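# Fold and geometry: a report
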Amino acid sequence: DKASMIISAEEISRLMEALAAQVLTRHGECEDLAIIGIQRRGADLAERLKAILDERLGRRIPLGKLDINLYRDDWSDLTVQPLINCTEIPFEITKHKIILVDDVLFTGRTVRAALEAILDYGRPKRVELMCLVDRGHRELPIQPDYIGMKIETELTDHVNVLVRERDDEDKVCVTRT
Ligand code: 5GP
Ligand code: MG
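Residues numbered from 1 in each chain as written. Chains lettered and ligands numbered in written order. Predicted model: local features only at pLDDT ≥ 70, side-chain atom pairs only at ≥ 80, totals over all residues. Heavy atoms only, no water.

## Brief notes about the overall build of the chain
- Scanning the chain for helices and strands turns up four helices and eight strands.
- Listing every helix and strand of the chain by position from the N terminus yields β-α-β-α-β-β-α-β-β-β-α-β.
- For the chain, the proportion of its 177 residues judged to be buried stands at 46%.
- Look at the contacts in the chain between residues 6 or more apart in sequence, and 69% of them connect residues 24 or more apart. (Helix = DSSP H or I, 4+ residues; strand = E, 2+ residues; numbered from the N terminus. Buried < 20%, exposed > 50% of the residue type's maximum accessible area, 1.4 Å probe, protein only. Contact = heavy atoms within 4.5 Å.)

If you want it as structure tokens, here you go:
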């Protein structure tokens with residue numbers, strides 16, 4: 001295997017700041033904004049986005065988490081049982097514009113499933129999509145509204161996203177086998 005570092009810790013901080021700035025440009029005072037992170041590292045990044053926005057706005061943006069393993073439309077193809085982490089949406093979906101956050105966007109299936117899960121709770125005013133890394137190879141017509149970085153990958157590459165919350169460091173690298 002060959003692992004090449006693509007994004008450093010410093011750059012990840014800069015990217016998160018830039019993503020938050022884009023949200024503020026689009027949403028101004030963000031009155032009816034809420035954030036939902038996809039477990040696990042998408043939820044970690046969602047918390048970082050919230051922290052930046054909360055500080056800028058001087059109030060708290062509602063934050064939820066979605067464990068998508070349950071909803072993955074191809075989960076029956078996986079050999080492992082879907083993991084059940086917590087799914088928390090502690091705000092009223094119908095009153096909010098939602099920013100859905102994930103670490104990596106690949107085929108788009110997870111986002112499709114996430115949308116289905118969100119819609120089970122109600123009809124949001126709008127849903128926008130943010131990902132730290134867009135690695136391409138979409139199978140569905142799903143595109144991010146906010147992208148940290150686009151990375152050209154082979155189908156068989158693996159993008160390793162490390163976050164300090166669980167991996168003790170921030171880093172993105174690509175492993176090619
Ligand atoms: P998709 O459903 O778009 O194919 O894949 C996106 C979901 O799977 C995201 O939740 C993402 O975290 C995970 N994922 C897909 N490909 C990769 C990858 O190369 N690296 C990492 N870290 N996660 C991936
Ligand atoms: Mg993920």
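## Some thoughts on the pattern of salt bridges
- A complete count under the given rule lists 16 salt bridges for this structure.
- For Arg-48, the salt bridge identified is with Glu-165, shortest N-O distance 2.6 Å. Linking Arg-48 in helix H2 (residues 41-57) with Glu-165 in helix H4 (residues 164-167), this pair joins segments that are 117 residues apart in sequence.
- Note on Glu-165: relative accessible area 40%, which makes it partly exposed.
- Connected through shared salt-bridge partners, Arg-26, Arg-126, Glu-128 and Asp-145 make up one network. (Salt bridge = Lys/Arg side-chain N within 4 Å of Asp/Glu carboxyl O.)

## Side note on the environment of Pro-90
- Positionally, Pro-90 belongs in the loop between strand E3 (63-66) and strand E4 (97-105).
- Sequence-wise, Pro-90 and Gly-64 are 26 residues apart; in three dimensions their C-alpha atoms are separated by 6.2 Å.
- Once residues lying within four places of it in the same chain are set aside, the contact partners of Pro-90 are Leu-63 and Gly-64.

## Quick word on the confidence of the model for the chain
- The predicted model of the chain has a mean per-residue pLDDT of 90, with 90% of residues at 70 or higher.
- Taken as a whole, residues 78-84 scores under 50 in pLDDT and shows eight contacts with residues more than four places along the chain or in a different chain. (pLDDT = per-residue confidence, 0-100.)

## Side note on the side chain of Asp-103
- Tracing the backbone through its elements, the reader meets Asp-103 in strand E4.
- For the buried Asp-103, no salt bridge exists, and the shortest N-O distance to an oppositely charged side chain is 5.5 Å, to Arg-41.
- Once residues within four sequence positions are removed from consideration, Asp-103 is found in contact with Arg-41, Gly-42, Leu-45, Cys-131, Leu-132, Val-133 and Val-161. (Lys, Arg positive; Asp, Glu negative; His and termini not counted.)

## A few points about the sheet that holds strand E2 (residues 33-38)
- In space, the five strands of this open sheet follow the order E3-E2-E4-E5-E6, with parallel pairing throughout. At either end of the open sheet lies a strand with only one pairing partner, and these are E3 and strand E6 (146-150). The sheet shows a mean angle of 25° between the axes of neighbouring strands, direction not considered.
- In this structure, strand E5 (residues 126-134) lies alongside E6, joined through four bridges in parallel fashion. (Pairing = 2+ DSSP bridges. Axes fitted to C-alpha atoms, helices over the stretch in contact; angles between N-to-C directions.)

## Concerning the nonpolar core
- Counting 31 residues, the largest nonpolar core has Val-23, Leu-49, Leu-53 and Val-172 as its most contacted members.
- Among the elements of the structure, helix H1 (9-27), E2, H2, E4, E5, E6, strand E7 (158-162) and strand E8 (171-176) are those that each provide at least two residues to this core.
- For this core, the element with the most residues is H1, which contributes seven residues.
- In this structure, Leu-49 is in contact with Met-16, Ala-20, Val-23, Ile-35, Ile-99, Val-101 and Met-130, ignoring residues within four places of it in sequence. (Core = buried A, V, L, I, M, F, W, Y, C linked by side-chain atoms within 4.5 Å.)

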